[in-house]
Amino acid sequence: MNWPSHGGQPQTMKKLFNLEEEKEVLDFSANLNPLGPPGWLKNKLHHMYEKITYYPDPFYSRSARYLADYEGVAAEQILLTNGGAEAIFLAAKLCEKGKAIIVQPAFSEYERACRHYHVKTEYVFLKEQNGFQLPMEELLKKAGQANAVFLCRPNNPTGTVIQEESIINLLEKGLSTGTMIVVDEAFADFLPAEVPSLVRHLAHYPNLIVLRSLTKMYTIPGLRIGYMIGSKEVAGKLQEEQMPWSINALADAVVPDLLADTVFLGKTRKWLEQESEKVFTSLKEMGFSVTDSKVNFYLFQDAKAPDSTEELFGFLFKNGILTRHTHNFPGLEGRYIRAAIRSEQENNEFLKVLRNWREKR
Ligand SMILES: Cc1ncc(COP(=O)(O)O)c(C=O)c1O
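The paragraphs below set out a description of the structure included in this document. Keep in mind the model is a prediction, meaning the values are calculated, not measured.

### Quick notes on unusual backbone geometry
(1) Moving on: Residue Pro105 is reached from Gln104 by a cis peptide bond, and omega for that bond is -5°.
(2) Moving on: Within the secondary structure layout, Pro105 lies in the loop between strand 3 (99-104) and helix 5 (109-116).
(3) Moving on: Residue Pro154 follows Arg153 across a cis peptide bond; omega there is -5°.
(4) Moving on: Looking at the secondary structure, you find Pro154 in the loop between strand 5 (148-152) and helix 7 (164-177).
(5) Moving on: One non-glycine residue, Asn18, adopts positive backbone phi at about 55°.
(6) Moving on: Position of Asn18 among the secondary structure elements: in the loop between helix 1 (10-16) and strand 1 (26-27).
(7) Moving on: The phi dihedral of Arg224 falls on the positive side, at around 70°, and the residue is not glycine.
(8) Moving on: Checked against the element boundaries, Arg224 lands in the loop between helix 8 (215-218) and strand 8 (226-229).

### Thoughts on the side chain of Glu86
(1) Moving on: Within the secondary structure, Glu86 is located in helix 4 (residues 83-93).
(2) Moving on: Of the side chains with opposite charge, Arg224 comes closest to the buried, unpaired Glu86, at an N-O distance of 8.3 Å.
(3) Moving on: At 2.8 Å, the side chain of Glu86 and the side chain of Ser246 are in polar contact.
(4) Moving on: When neighbours within four sequence positions are excluded, Glu86 is seen to be in contact with Thr81, Gln242, Met243 and Ser246.

### Quick word on the pairing of strand 8
Residues in a regular strand project their side chains so that they alternate between the two faces of the sheet.
(1) Moving on: Burial along strand 8 is two-sided: the residues Gly226 and Met228 and Tyr227 and Ile229 are all buried.
(2) Moving on: Pairing between strand 7 (residues 208-213) and strand 8: 4 bridges, direction antiparallel. Bridging from a neighbouring strand, Ser213 pairs with Gly226 of strand 8.

### Topic: the site of the ligand
(1) Moving on: The environment of the ligand is formed by 15 residues, the closest being Asp184, Ser213, Thr215, Lys216 and Arg224.
(2) Moving on: In the environment of the ligand, an oxygen atom lies 2.8 Å from a nitrogen or oxygen atom belonging to the side chain of Asn156.
(3) Moving on: At 2.6 Å, a side-chain N or O of Asp184 approaches a nitrogen atom of the ligand.
(4) Moving on: Surface burial for the ligand is 90%, taken as the share of its 400 Å² of free accessible area covered by protein chains.
(5) Moving on: Counting only elements with at least two residues in the shell around the ligand, the list comes to helix 4 and helix 8.
(6) Moving on: Among the elements that line the shell around the ligand, the one with the most residues is helix 4, at 4 residues.
(7) Moving on: In the shell around the ligand, the residues fall into 7 nonpolar, 5 polar and 3 charged.

### Things to note about the packing of aromatic side chains
(1) Moving on: Scanning the model with the defined rule gives 18 aromatic pairs in all.
(2) Moving on: Aromatic side chains Tyr218 and Phe264 sit 5.7 Å apart centroid to centroid with 25° between the ring planes, which places their arrangement in the stacked category. Placement of Tyr218 in helix 8 and of Phe264 in helix 11 (residues 262-285) is noted, with a sequence separation of 46 residues between them.
(3) Moving on: Residue class for Tyr218 comes out buried when judged on its relative accessible area of 1%.
(4) Moving on: Residue Phe264 is classed as buried on the basis of its relative accessible area, which comes to 5%.
(5) Moving on: When the ring of Tyr298 is compared with that of Phe300, the centres are 5.9 Å apart and the planes differ by 45°; the resulting orientation is tilted.
(6) Moving on: Taken together, the ring pairs connect Phe28, Phe280, Phe288, Tyr298, Phe300 and Phe350 into an aromatic cluster.
(7) Moving on: A cation over an aromatic ring shows up here: Arg338 above the ring of Phe297, its NZ or CZ 5.9 Å from the ring centre.
(8) Moving on: A cation sits over an aromatic face here: Arg358 above Phe288, 4.9 Å from the ring centre.

What counts and how
- Residues numbered from 1 in each chain as written.
- Predicted model: local features only at pLDDT ≥ 70, side-chain atom pairs only at ≥ 80, totals over all residues.
- Heavy atoms only, no water.
- Helix = DSSP H or I, 4+ residues; strand = E, 2+ residues; numbered from the N terminus.
- Buried < 20%, exposed > 50% of the residue type's maximum accessible area, 1.4 Å probe, protein only.
- Lys, Arg positive; Asp, Glu negative; His and termini not counted.
- Salt bridge = Lys/Arg side-chain N within 4 Å of Asp/Glu carboxyl O.
- Polar contact = N/O pair within 3.5 Å; in protein donor to acceptor, adjacent residues only side chain to side chain.
- Contact = heavy atoms within 4.5 Å.
- Pairing = 2+ DSSP bridges.
- Near = heavy atom within 4 Å.
- Areas by Shrake-Rupley, 256 points an atom, 1.4 Å probe, with all protein chains shown as cover.
- Nonpolar A, V, L, I, M, F, W, Y, C, P; charged D, E, K, R; others polar.
- Phe/Tyr/Trp six-rings, centres within 6.5 Å; stacked < 30°, edge-to-face > 60°.
- Lys NZ or Arg CZ within 6 Å of the ring centre and 35° of its normal.

Below you can see the structure in the form of structure tokens.
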């Protein structure tokens, strides 16, 4: 099967599965916040129409200042990007024609960005048997011979969070070997307060680069807002490499308001806490194994029939639930399904279909 490389493509998937175009499906394959975008955003964008007749500030100084305050760093350490995706490509540019380690299974764009800049890649695999823990010894050894390590925290697709202590060990090692540690925190806004961002470690580790995205929390994949945070030197160097006016004027204009909406953030975290607990408990009760996810998506498989994942994926889809296949995640090769936590009503429907699956087995 010619599996699409990303989630959120219901029409492509319908063609692959010979389902009629009009068939209604609930999309659990993309990891966007079902409560978003914030209600005020539509009106705000509408009233900003005039902005499209001007070039945006090429340095995005206002947004950078707000982001710097939000993150507790200097504005010169922030580089606004066209979504988290551009931040990934800029980070790969830093090790052009060099070598990078990618901690897998992870988001596929690290590999693609490295290929784009002729960076040789080597994989280190999270240990599936140990709840997708980092193989520290192996990673430290390999990191020493690389220009950069790419890892995702919280990790897409597992939803698990690599221990902070392990990252510190890696950063220490990187300081002595000249290795950049690139941490993609695209989903960090969904983490509970007791799991803070790594940004505060930038003060001690100039070899740390943190990549962020506003896409997931605010459900704005079409607006394209991301940023990277690094040392002033790294951020300055990457700004030189960035295409001019990479971020559009509307995206630039809404950054301060998005950051200020703490009510939306609080509501989202409350929803996630309630819904994820309900979904995980029900899945486990039905005999599915679930990763120890701390965010709005997770991996699962039928613990009573681990080899039935492909069949289960098809069963869900034919019953109106689109999940994310894992065929293009090295280290998973389709053995799991990734699903998002959605609204209460959608999650109930998802669990109902899974109950039907269980009854048939
Ligand atoms: C881990 C991770 N990082 C970055 C991105 C890219 O996000 P954006 O839409 O902000 O470019 C994604 C999108 O799926 C992702 O899953």
